[in-house]
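Spelled out, the chains give:
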Amino acid sequence: MRLRSVELEVADAAAAADFLAGVWGLVPAGTAGKTRFFRGTGSHPYILSVTQAAAPAVAAITFAGTAEEIEKLGKPDTAYEVPGGGKGLEIRGPEGQTYRFISETPAPSALTDRDKPIQITHAVVNSADVEASERFAVEKLGFKVSDRTAHMRFLRCNRKHHAIAYAHAKSPSLNHIAFEMRDVDAVMRGIGRMRDAGFEPVWGPGRHGPGNNVFGYFVAPYGGVIEYTAEISEVGDDYRVGSPEDWKWPPGRMDHWGISKKDTAKTAPAEAVFRFKA
């Protein structure tokens, strides 16, 4: 099982598409009605979709797996028509989150641009009840807990440290989407490219604790928080689940490097923009 894509609804899909295919570095992968699809350089046909709508929303977070992995999920809440053909499962989370699961499809030809995102490596979801969200992801979706901090729960569906994480918040929403880059240099070049285009990072560069990944966060012009990241840890079944006591920082520090501060005045409202579509 692996994270495949995030499906967004935005108020101005054309402007969002210009940004995503321009400075952010995604590759246009076709359209269907009001929806535009974007791929990375990896093996997914697309990793992000944006649909023209009256207001911002998250339509779904989508995973791809083998037929056997999909079958193990049991009876879905609804069936889902996969863009390009086929059917998938749609399962609702405890706070109205929508998760879709589809069978793996033939991979498109690989791209080799070192400065473009490869894939979405994780999505972080704000949750008013992280315990219930964690329990749902483990018991219903079959994910495994990697780490718990005072603020977040990190869960994986393969060897990558986390594909989904839940952050304490007053209400459920999409906290951010993380786009995996080739290496640290690609993250740093991405940060530089965004600054050249007038977008200052709202957090980073830095290196996280859980997952040990390098990061650089921005607020996208369509309202949500997006991240360039690289070097996320891979873990096995013998990985010891970290506790909040394992992930404490000295005063004034929020990551391993300790060289950046998070601009919460900008990130907090942006992390609440995209709520899950009812």
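It should be emphasised that the depicted structure is a prediction, and the values quoted were computed from it without experimental measurement. (Residues numbered from 1 in each chain as written. Predicted model: local features only at pLDDT ≥ 70, side-chain atom pairs only at ≥ 80, totals over all residues. Heavy atoms only, no water.)

**As for the nonpolar core**
Counted only if it meets this: In this description, a nonpolar core means a group of buried Ala, Val, Leu, Ile, Met, Phe, Trp, Tyr and Cys residues linked to one another through side-chain atoms lying within 4.5 Å. Exposure classes here rest on a 1.4 Å probe applied to the protein chains alone. A residue is buried below 20% of its type maximum, exposed above 50%, and partly exposed in between. In this text, helices come from DSSP runs of H or I with a minimum length of four residues, and strands from runs of E with a minimum of two, each type numbered from the N-terminal end. By definition, residues are in contact when any of their heavy atoms lie within 4.5 Å.
Counting 57 residues, the largest nonpolar core has Leu8, Trp24, Phe63, Phe101 and Tyr222 as its most contacted members. If you tally residues by element for this core, the top one is helix H1 (residues 13-21), at five residues. Setting aside chain neighbours within four positions, we find Phe101 in contact with Met1, Phe63, Ile70, Leu73, Gly88, Leu89, Ile91, Leu141 and Phe143.

**Comments concerning the sheet that holds strand S13 (residues 173-180)**
The strands that make up a sheet pair up through hydrogen bonds in the backbone, lying either parallel or antiparallel. For clarity, the threshold we go by: Note on pairing: two strands pair once DSSP finds at least 2 bridges between them. Under this scheme, a helix contributes an axis fitted over its contacting stretch, all axes are lines through C-alpha atoms, and angles between N-to-C directions fall in the 0 to 180 degree range.
Taken together, the eight strands give an open sheet; going across it, the order is S10-S11-S12-S9-S13-S16-S15-S14, and neighbouring strands pair in mixed fashion. Across the chains shown, the open sheet's two edge strands, defined by having one partner strand only, are strand S10 (144-148) and strand S14 (203-207). Averaged over all pairs of adjacent strands, the angle between strand axes in this sheet comes to 20°, irrespective of strand direction. Where strand S9 (residues 119-127) lies against S13, seven bridges are found, and the strand directions are antiparallel. Of the residues in S13, the one forming a bridge with Val125 is Leu174. Relative to the sheet, helix H3 (residues 130-139) contacts S9, S10, strand S11 (152-156) and strand S12 (164-168), its axis offset from that of S12 by approximately 165°.

**Let's talk about the environment of Pro76**
With respect to the secondary-structure elements, Pro76 resides in the loop between helix H2 (67-72) and strand S6 (78-81). Owing to a relative accessible area of 24%, Pro76 belongs among the partly exposed residues under this scheme. Considered as a pair, Pro76 and Ile91 are 15 residues apart in the sequence and their alpha carbons are 5.6 Å apart. Residues within four places of Pro76 in sequence aside, it is in contact with Leu89, Glu90 and Ile91.

**A word on the pairing of strand S5 (residues 57-65)**
Taking burial as the measure, the nine residues of S5 include nine buried ones, the bulk of the element. Note: S5 against strand S8 (residues 98-103), five bridges, orientation parallel. By the bridge assignment for S8, Ala64 is matched with Ile102.

**Considerations on the sheet that holds S8**
In spatial order, the strands read S2-S3-S4-S1-S5-S8-S7-S6; together these eight strands make up an open sheet with mixed pairing. Both edges of this open sheet fall to strand S2 (27-32) and S6, since each of them pairs with a single strand only. Each neighbouring strand pair of the sheet contributes to a mean axis angle of 25°, computed without reference to strand direction. When strand S7 (residues 87-92) meets S8, the two strands line up antiparallel, connected through four bridges.

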